[in-house]
Amino acid sequence: MSRTDNTATKRVLTTVATAALFLAGAGGGFAADAPTGPTYTNSQGMGFVRLNAGAFVMGQGTSLNAPDSDKAGANLTTSLDWDEQPAHPVILTKPFYLLTVRVSKAQFDQAGLGPAPADGRVSWERAAAFCAWLSRKEGRTYRLPTEAEWEYVRRNPGTVTDFAGEWVSDWHGAYAHQIASLKDPAGPLTGMMKVIRADATNRLCQPPSREGVATFRIVLDTAPTNRLAYSPLPFNQMAVKQSTAPALQGPNPSVPCFTVRFAVPPSEGNGIDPAVERFKLHQSALEIMPNGDVLASWYSGPGGDEYGPRVRIVQTRLRYGAEEFDMPELLLKAKSDDEQDQDISPCHWREGSTNWLFTGWCQSRLFRVSRSTDNGATW
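Residues numbered from 1 in each chain as written. Predicted model: local features only at pLDDT ≥ 70, side-chain atom pairs only at ≥ 80, totals over all residues. Heavy atoms only, no water.

A. Up close: the pairing of strand S16 (residues 312–318). Among the seven residues that make up S16, seven are buried, leaving the element largely enclosed by the rest of the structure. Examined bridge by bridge, strand S15 (residues 294–300) and S16 share seven bridges and lie antiparallel to one another. Note on S16: the bridge partner recorded for tyrosine 299 is isoleucine 313. Summarising the sheet, S16 and strand S17 (residues 329–332) pair through three bridges and their orientation is antiparallel. (Buried < 20%, exposed > 50% of the residue type's maximum accessible area, 1.4 Å probe, protein only. Helix = DSSP H or I, 4+ residues; strand = E, 2+ residues; numbered from the N terminus. Pairing = 2+ DSSP bridges.)

Written as structure tokens, this is what we have:
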């Protein structure tokens, strides 16, 4: 099979939506006396406003395959990123109640999850734990809003105000380009970063364990809703064989062991992940997995930028016995408006069946560690 044919096949696989229905609740239940009025105040004195079902256009722009549009000299904070496009119709089929303000420090501290800072910026994990605590306490279902719900409210000004950088429930990923109209979307099934939203268009993301970067507000569900998780994993994390037996056989002594295999296609063409910057490949890292696959990672940035909040970690896989690497794809990108928040200089390290990925920059004082025990299928 030629590179062109192989690439086309992989692109079809990665653009076919992985449909899975799940309830995005955090415990609790749906009481018979669920609120129906325009507002609701719970036992903790938290005020909610009812948002009716509706439709809107989520995202912006029209590009399906361009990298971040902030080329050299452009404004990073105003140009469109690859993950903010394209604009696409969304339908929310059920009403929901949204907290009119962000969860305060005093409210959060009641949950016994450790004190919140004065500005209420806690990790996604602690925000989700607060929802679970409140659900158990009140016998109702509280949760973080989906990204679609958050943007729906943000685009329709009303009694909900005081928006800031806020956690939503979704894992970060590209919008589903191939679906004409999404009903109750809930983002990818899994991932490494959780979405942070601050306005109607700009998408940011950070690890769910990171403290001090975002506040949150919550949703009260009044009825079960099937929410669609629509984004597949990157191809290099799909169909990863877990057997180590073939890799232990060693090379055939009658076959040359060394050959040239391009980790990046040598010429321009379609099928490149929109998050991959082709012209800035830096600080490559490589490790052989227990199953014999080779993982290669590096960092790059939009418009050839080497530093800044838009740099990202890209990864590709040479599967055991294959002649070509998979097409390179985004692995990790912590999006922030902070110039010091950078994911650069990847390093792979393997200990037995455990594989570690280290990223960070000494000047930012951020050092991230990711671990995989399934040959890089998940981190």
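Read on for the rest.
B. Molecular detail of the pattern of salt bridges. Counted by the stated rule, this structure contains 21 salt bridges. As a salt-bridge pair, glutamate 323 and arginine 261 come within 3.6 Å of each other at their nearest N and O atoms. Of this pair, glutamate 323 sits in the loop between S16 and S17 while arginine 261 sits in the loop between strand S13 (227–229) and strand S14 (282–288), and the two are 62 residues apart along the sequence. We classify glutamate 323 as exposed; its relative accessible area is 56%. Arginine 317 is paired through a salt bridge with aspartate 293; the nearest N and O atoms lie 2.8 Å apart. Taken as a pair, arginine 317 in strand S16 and aspartate 293 in the loop between S14 and S15 lie far apart in primary sequence, 24 residues in all. A single burial state applies to arginine 317 and to aspartate 293, both of which are buried. Taken together, the shared-partner salt bridges in this structure form one network comprising Asp81, Asp83, Glu84, Glu147, Glu151, Arg155, Arg197, Arg203 and Lys335. (Salt bridge = Lys/Arg side-chain N within 4 Å of Asp/Glu carboxyl O.)

C. Geometry of the packing of aromatic side chains. Applying the stated criterion across every chain yields a total of 10 aromatic pairs. Seen from their ring centres, phenylalanine 56 and tyrosine 152 are 5.5 Å apart, and the 45° between their planes marks the pair as tilted. Taken as a pair, phenylalanine 56 in strand S4 (residues 54–58) and tyrosine 152 in helix H4 (residues 147–154) lie far apart in primary sequence, 96 residues in all. Residue phenylalanine 56 is classed as buried on the basis of its relative accessible area of 9%. (Phe/Tyr/Trp six-rings, centres within 6.5 Å; stacked < 30°, edge-to-face > 60°.)

D. View of the sheet that holds strand S7 (residues 141–143). The strand order across the open sheet formed by five strands is S2-S3-S6-S12-S7, and the pairing between neighbours is antiparallel. One side of each edge strand has no neighbouring strand; the edge strands of this open sheet are strand S2 (39–41) and S7. Averaged over all adjacent pairs, the angle separating strand axes in this sheet is 30°, with direction ignored. In terms of strand pairing, strand S6 (residues 96–99) meets strand S12 (residues 219–221) through two bridges, oriented antiparallel. Bridge assignment links leucine 98 to a residue of S12, and that residue is valine 219. Packed on one face of the sheet, helix H3 (residues 124–138) meets S2 and S7 and runs near 165° to S7. Taken strand by strand, H4 contacts strand S3 (47–51), S6, S7 and S12, and its axis lies near 75° from that of S6. (Axes fitted to C-alpha atoms, helices over the stretch in contact; angles between N-to-C directions. Contact = heavy atoms within 4.5 Å.)

E. Layout of unusual backbone geometry. Residue proline 86 is bonded to the preceding glutamine 85 through a cis peptide linkage, with omega at -5°. You can see proline 86 is positioned in the loop between S4 and strand S5 (88–92). Of note, serine 345 is a non-glycine position whose phi angle comes to about 55°, a positive value. Relative to the helices and strands, serine 345 is located in the loop between S17 and strand S18 (347–351). Here serine 345 falls in the partly exposed class, since its relative accessible area comes to 30%.

F. Fine view of the side chain of lysine 194. Mapping lysine 194 onto the fold places it in strand S10 (residues 194–197). Among the polar contacts made by the side chain of lysine 194, one reaches the main-chain carbonyl oxygen of serine 169 at a distance of 2.8 Å. Those residues within four positions of lysine 194 in sequence are excluded, and the remaining contacts are Trp124, Trp167, Ser169, Asp170, Trp171, His172, Leu204, Cys205, Gln206 and Pro208. (Polar contact = N/O pair within 3.5 Å; in protein donor to acceptor, adjacent residues only side chain to side chain.)

G. Quick look at the nonpolar core. Grouped together as the largest cluster of nonpolar side chains are 25 residues, with contacts concentrated most on Met46, Phe48, Val103, Phe130, Phe216 and Ile218. Broken down by secondary-structure element, the contributors of at least two residues to this core are S6 and H3. Apart from residues no more than four positions distant in its own chain, phenylalanine 216 is found in contact with Arg102, Val103, Phe108, Val122, Ala127, Phe130, Leu144, Glu166 and Trp167. Core analysis: the next-biggest nonpolar cluster, separate from the first, contains 16 residues, Phe56, Val90, Tyr152 and Val153 among them. (Core = buried A, V, L, I, M, F, W, Y, C linked by side-chain atoms within 4.5 Å.)

H. Molecular detail of the pairing of S18. Across five bridges, the pairing between S18 and strand S19 (residues 354–361) is antiparallel. Looking across to S19, one finds that arginine 350 is bridged to asparagine 355. What sits between the antiparallel neighbours S18 and S19 is a turn of two residues, in which glycine 352 has the positive phi angle 65°.

I. Molecular detail of the side chain of serine 123. Note that serine 123 resides in the loop between helix H2 (105–109) and H3. Other than its neighbours up to four places away in sequence, serine 123 contacts Trp167, Pro208, Ser209, Arg210 and Glu211.

J. Quick peek at the sheet that holds S18. Strand order in the open sheet formed by three strands is S18-S19-S20, with antiparallel pairing between adjacent strands. The sheet terminates laterally at S18 and strand S20 (366–372), the two strands that pair on one side only. On average, each strand axis in the sheet is tilted by 20° relative to the strand beside it, whichever way the strands run.

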